Amino acid sequence: MPKKEKGPIWIARELSKCSGCRKCEIACSLFHEKHIWPEASRIRVFMLVPGVDFPHFCVQCEDYPCVQSCPVNALSVSKETGAVLVDNETCIACGKCIDACPGRIPHMHPKEKRILICDLCDGDPQCVKVCREGGWNVLKKVSRGDRPYKLYSRKPEEITRSLALKMYGEKVGEFV
Amino acid sequence: MILGYAGKFLEINLSSEKVKEVSFDDEVLNDYVGGRSLAVKILWDRLGSNWENIDPLGSENILLFLTGPLTGYFPGGRICVSGKSPQSNGVVGSTVGGEFGVELRCAGYDGIIVIGEAKKPVYFFIKDSDVEIRDAGHVWGKDAKQTVRIITKECRDLLKKRFPLYGEWKEPALLYIGPAGENKVRTAVVAAKWAHAAGYGGYGGVMGSKRLKAIAVKGTGPLPPVADIKKVERLIKVVNDNAYENELWRRWGTGAGGYEFGAKTSSEPVRNWQDEWHDEKSFGVDQFENKVWIKQSWSDFGCPTCCLKIAMVKNGKFKGAITDNPDYEMQAYLGTNLGIFEPEENVFLSSLIDDLGLCGIQTGNVMGFAAELFQRGILSAKDLDGIELKWGDVEAFAALARKIAFRIGIGDTLAEGTYRAALKIGKMKKTNVLQYAVQSKGIGIGAHGIRSGKDYPEIFSYACSVQGGDHTSTAGLPLDSGGSELMEIFNDSGVYCNFNSFGIPRNLKFEFYTAVTGLKLTREEWCSSKALKVLQLQRAMLLLGGPDLKWDPKIHDANPPRFYEPLPSGPYKGKAADKSAVDDYKRRYYKAAGWDENGIPKSEILRKLELDDVDKALERFRREKPL
């Protein structure tokens, strides 16, 4: 796929392949914050149960409930990529978008009063690059079509339970 | 301030429950970098004058958790655990993989210094600069998996409650002990995740002696700023690309070793090292990969290699057992060394060892030792509390491991580690059993034998190491070569995983250090002054030893007697270490390290390295009659 695709994109994800290397967090925070800064990464790897590592990041729901919930119109949708864009100057860090998100995916910048949401790196997602370089292929950039993307917006606990069940079967009750 | 450091260390006094921040002068950080080297410096400064009287399992010992400037930057995050070792009575820099070091640095600290001893079980919860000493009564006695579950949930609930607007909180990173650590077992580990462990040194027992069950840390800041981030990014890419080329290493990690080190290099412990060769294809890596690995790649922070796998037994008697890999050391020590050659049984025993908080290497070493004594009729089933400790009987070994972790019956003796157990059993049975103890200076030998000459350690590597049998810190010559212990000191002081440095250009790690800290450091300077200084300090504290045991270089700078017995089978049948060659190497090593013919660091080198106080402390060893 060429570097800059015309039209909106999506990051397809296959969570159970995640090794937990967190190179996506490293790449994201270096790109956006110029530091290796895991908590300021827009994609975060959760490991609530050992072995059950997975990236948690925006899915760009078809109806963008976060954008609708913002009381100060700090969020908008990029026409080029379909990403949710945060106007850092306008954002009041109220957290309404977190509650509106079915997967509670947005989180606060740890040092500044603003929300962090994946902006798809303007069409060239850094996390996808490092994930593919490593051959994990958890993440893949695809053209955005007309699918129920919102389905993938799940809370970390929900994802953990499903993945842990897949991995550990009936033992899951002891860990989650 | 030197770049690449958070600049602060936490010092937590468990006796007074006081927490303070301390820092080290630039000069100290310049000389001692971090991790193992800094640990050695801190321990010498604080305990050196009274070293021989410090009980490693007593309240005066200091327990250290130290990162280095490369932690989080060099791919493969680790943390170095140290203190006075209850195994060697010297100092071991024991590292463990995971996110703990990164979280700690993101919280604003380069390390944690724990002193004193708590009155009741506690754990630390560190969230950036907020440090809490919390009650751990409800997790005391819990196994690894339950400890991780309970503390992870508790800390995340606290974060949610305290910062309701933040969004979802990721888990904090965790270091903890299992029941073995709580019971001050000398072969207990400090663990991370479920099956990651700082094993060598026995610091799980030190943590338990302080009644410290766990440390949880969540840091929300960035890693400390570096001198040249663009260069760091470029170097990370070189390390990654190198690792990505190594397909089989990535696919199997060390998991191929269980068969290969036996069948090919003939250097794998089999039945307490009575042999080092086997051709058991049941233990081939394909058997692990196809039967029990449920996650093919599992990595720690920033790691391109992912040598870890997750194994789970899904059927049969051992259904539900989960561990990582098992890696080569666990395949060997909880497999072949005990006569076990079935992956499922190996996974089961590894999983149990994780749950109990034991070190698979040291515990597999002492259990193999006990099994040989049983084989020879020196220990009876009665001596072993009714356990028929037959080779290959995984359930017998599991029963014994439980006794060790809880110090029950014979377990109490074996919980002292192989060397101390051998002394005790020897006395009890009025016979010398040290000849069956495969260890060096209180530390069981890693699963890489020297007899065939085909594996990486050389015939003097364990005998001359300042960390005894530790296979991750073996002595080599010349001192500035890749196989030298001085290079291991660099890995353990920058604190990152050396597995990602295999095959990278020779000077890359020093370039990496410069890009992070802004300080020039060449390999020559490292080997001729800085690391050499650390080596002398470790040697000095090892020789001072005490209080229960001391090492005499003439007797104890030695291979286990077993390594002089000819290999009984395989392609290298008949090969053994040659005593005169070992002695010759020892002389050369002593000379290169600046030690006299008795193995005592000479005044000359100590004064040159500005270690005058060490020189003074060792003076009486030189006055004593030549050995």
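All of these numbers come straight from a predicted model, not from anything done at the bench. (Residues numbered from 1 in each chain as written. Chains lettered and ligands numbered in written order. Predicted model: local features only at pLDDT ≥ 70, side-chain atom pairs only at ≥ 80, totals over all residues. Heavy atoms only, no water.)

(A) Just the sheet that holds strand β1 (residues 9-13) of chain B, in detail. Residues and elements named next belong to chain B. Taken together, six strands build an open sheet; the order of strands is β2-β1-β6-β3-β4-β5 and the sheet is mixed. Strand pairing shows two members of the sheet lacking a second neighbour, β2 (18-22) and β5 (94-97), which therefore form its edges. Adjacent strand axes in the sheet meet at a mean angle of 20 degrees, parallel and antiparallel pairs treated alike. As paired strands, strand β3 (residues 63-66) and strand β6 (residues 111-115) are joined by four bridges and run antiparallel to one another. Each bridged residue has a counterpart across the sheet, and for Leu 64 the counterpart in β6 is Ile 113. Running over the sheet, helix α2 (residues 35-47) touches β1, β3, β4 (78-82) and β6 and is turned about 150 degrees from β3. (Pairing = 2+ DSSP bridges. Helix = DSSP H or I, 4+ residues; strand = E, 2+ residues; numbered from the N terminus. Axes fitted to C-alpha atoms, helices over the stretch in contact; angles between N-to-C directions. Contact = heavy atoms within 4.5 Å.)

(B) Representation of a negative patch on the surface within the structure. A contiguous patch of negative charge, built from B:Asp25, B:Asp26, B:Glu27 and B:Glu610, is present on the exposed surface. Position of B:Asp25 relative to the elements: it lies in the loop between β2 and α1 (26-32). (Patch = residues over 30% accessible without salt bridge, like charges linked within 9 Å, V, L, I, M, F, W, Y side chains within 5 Å. Areas by Shrake-Rupley, 256 points an atom, 1.4 Å probe, with all protein chains shown as cover. Salt bridge = Lys/Arg side-chain N within 4 Å of Asp/Glu carboxyl O. Lys, Arg positive; Asp, Glu negative; His and termini not counted. Charge placed at Lys NZ, Arg CZ, Asp CG, Glu CD.)

(C) Up close: empty space enclosed by the protein. All names here are of chain B. A complete count under the given rule lists eight cavities of 30 Å³ or more for this structure. When its volume is computed, the largest cavity comes out at roughly 300 Å³. Lining the largest cavity are 30 residues, and of these Glu 99, Glu 103, Glu 171, Pro 172 and Ala 173 sit closest to its centre. For the lining of the largest cavity, the secondary structure elements donating two or more residues are β4, β5, α3 (100-106), α4 (144-162) and β9 (173-176). Among the elements that make up the lining of the largest cavity, the one with the highest residue count is α3 (five residues). Residue composition of the lining of the largest cavity, by class: 15 nonpolar, five polar and ten charged. (1 Å grid on protein atoms, 1.4 Å probe; cavity = no way out; pocket = protein on both sides within 12 Å on 5 of 7 lines; lining within 4 Å. Points joined across faces, edges and corners; volume = space filled by probe spheres on them. Nonpolar A, V, L, I, M, F, W, Y, C, P; charged D, E, K, R; others polar.)

(D) Examining the layout of surface pockets more closely. Residues and elements named next belong to chain B. One number sums up the size of the second largest pocket: a volume of about 610 Å³. Taken together, 28 residues line the second largest pocket, and the ones lying closest to its centre are Lys 554, Ile 555, His 556, Asp 557 and Ala 558. At the level of elements, β16 (439-440), α20 (553-556) and α21 (579-593) are the ones that each hand at least two residues to the lining of the second largest pocket. For the lining of the second largest pocket, the element with the highest residue contribution is α21, accounting for six residues. Residue classes in the lining of the second largest pocket are distributed as twelve nonpolar, eight polar and eight charged.

(E) Geometry of the interface of chain B and chain A. Counting residues at the interface gives 52 residues for chain B, matched by 46 residues for chain A. Around 4000 Å² of area is buried between chain B and chain A when both sides are counted, 57% of it from carbon and sulfur atoms. Sorting the residues of chain B by area buried against chain A places B:Tyr166, B:Glu168 and B:Lys170 first, and these three jointly supply 18% of that buried surface. Where chain B meets chain A, there are nine salt bridges. Taking the shortest distance from any N to any O, the salt bridge between A:Glu157 and B:Lys160 comes out at 3.3 Å. For the interface between chain B and chain A, the tally reads 27 residue pairs in polar contact (both at pLDDT 80 or more). Elements with a contribution of two residues or more to the side of chain B that touches chain A: α3, α4, α7 (229-245), β13 (293-298) and β14 (308-312) of chain B. With seven residues, the single largest contributor to the side of chain B that touches chain A is α4(B). Tallied by class, the residues present in the side of chain B that touches chain A amount to 23 nonpolar, twelve polar and 17 charged. (Buried area = accessible area lost by both parts, 1.4 Å probe. Polar contact = N/O pair within 3.5 Å; in protein donor to acceptor, adjacent residues only side chain to side chain.)

(F) Focus on the pairing of β6(B). Counting buried residues in β6(B) gives five out of five residues, a clear majority hidden from the surface. By the alternation rule, side chains of β6(B) split into B:Gly111, B:Ile113 and B:Ile115 and B:Ile112 and B:Val114, which are all buried. (Buried < 20%, exposed > 50% of the residue type's maximum accessible area, 1.4 Å probe, protein only.)

(G) Geometry of the packing of helix α17 (residues 485-494) of chain B against helix α18 (residues 508-517) of chain B. Residue and element names in this part refer to chain B. The N-to-C vectors of α17 and α18 enclose an angle of 35 degrees; their axes lie 12 Å apart at closest approach. As α17 packs across α18, the resulting crossing turns out to be left-handed. Along the contact surface, α17 presents Met 487, Phe 490 and Asn 491, while α18 presents Lys 509, Phe 510 and Tyr 513. Per-class residue counts for the contact of α17 with α18 are four nonpolar, one polar and one charged. (Left-handed = near helix turned anticlockwise from the far one by under 90°.)

(H) Expanded view of the side chain of B:Gln274. Residue and element names in this part refer to chain B. Locating Gln 274 in the fold gives a position in the loop between α9 (257-263) and α10 (285-291). Side chain to side chain, Gln 274 and Arg 376 meet in a polar contact 3.4 Å long. The contact partners of Gln 274, leaving out residues within four places of it in the chain, are Glu 372, Gln 375, Arg 376, Trp 391, Arg 562 and Pro 568.

(I) Examining the sheet that holds β14(B) more closely. Residue and element names in this part refer to chain B. Strand order in the open sheet made by the three strands is β13-β14-β15, with antiparallel pairing throughout. The sheet is open, and its two borders are formed by β13 and β15 (322-324), each paired with just one other strand. Between one strand axis and the next, the sheet turns through 15 degrees on average, direction left out of account. Summarising the sheet, β14 and β15 pair through three bridges and their orientation is antiparallel.

(J) Layout of the packing of aromatic side chains. Scanning the entire structure with this criterion turns up 29 aromatic pairs over all chains. Here the aromatic rings of B:Tyr166 and B:Trp169 are separated by 3.9 Å at their centres, their planes lie at 15 degrees, and the arrangement is stacked. Like B:Trp169, B:Tyr166 is buried. Plain terms: the ring middles of B:Phe261 and B:Tyr328 are 4.6 Å apart, the flat faces sit at 45 degrees to each other, and that makes the pair tilted. Pair noted here: B:Phe261 is in helix α9 and B:Tyr328 is in helix α11 (residues 328-333), with a separation of 67 residues, a long-range link. Accessibility expressed as a relative area gives 23% for B:Phe261, which makes it partly exposed. Classification of B:Tyr328 by relative accessible area gives buried; the value is 2%. One cation-aromatic arrangement involves A:Arg13 over A:Trp10; the distance from NZ or CZ to the ring centre is 4.8 Å. One Lys or Arg, B:Lys145, reaches over the ring of B:Trp194 and ends 5.6 Å from the middle of that ring. (Phe/Tyr/Trp six-rings, centres within 6.5 Å; stacked < 30°, edge-to-face > 60°. Lys NZ or Arg CZ within 6 Å of the ring centre and 35° of its normal.)

(K) Representation of the confidence of the model for chain B in the model. Mean pLDDT over chain B stands at 97; residues scoring 70 or higher make up 99%. As a predicted assembly, this complex carries a pTM of 0.98 together with an ipTM value of 0.97. (pLDDT = per-residue confidence, 0-100.)

(L) A look at the pattern of salt bridges. Residue and element names in this part refer to chain B. Within this structure, the stated rule accounts for 66 salt bridges over all chains. The partner of Glu 182 in a salt bridge is Lys 213, with the nearest N and O atoms 2.6 Å apart. Highlighted residues: Glu 182 in helix α5 (residues 179-182) and Lys 213 in strand β12 (residues 212-218), separated in sequence by 31 residues. The class of Glu 182 is buried, set by a relative accessible area of 10%. Judged by relative accessible area, which is 0%, Lys 213 ranks as buried. Residue Glu 395 pairs with Lys 317 through a salt bridge whose shortest N-O separation is 2.9 Å. Highlighted residues: Glu 395 in helix α14 (residues 394-405) and Lys 317 in the loop between β14 and β15, separated in sequence by 78 residues. What makes Glu 395 partly exposed here is its relative accessible area of 40%.

(M) Expanded view of the pairing of β2(B). Residue and element names in this part refer to chain B. In terms of strand pairing, β1 meets β2 through five bridges, oriented antiparallel. Within β2, the residue paired with Ile 12 across the bridge is Val 19. Taking the residues that link successive antiparallel strands as the turn, the β1-β2 hairpin has four residues, and the phi of Glu 17 there is positive, at about 60 degrees.

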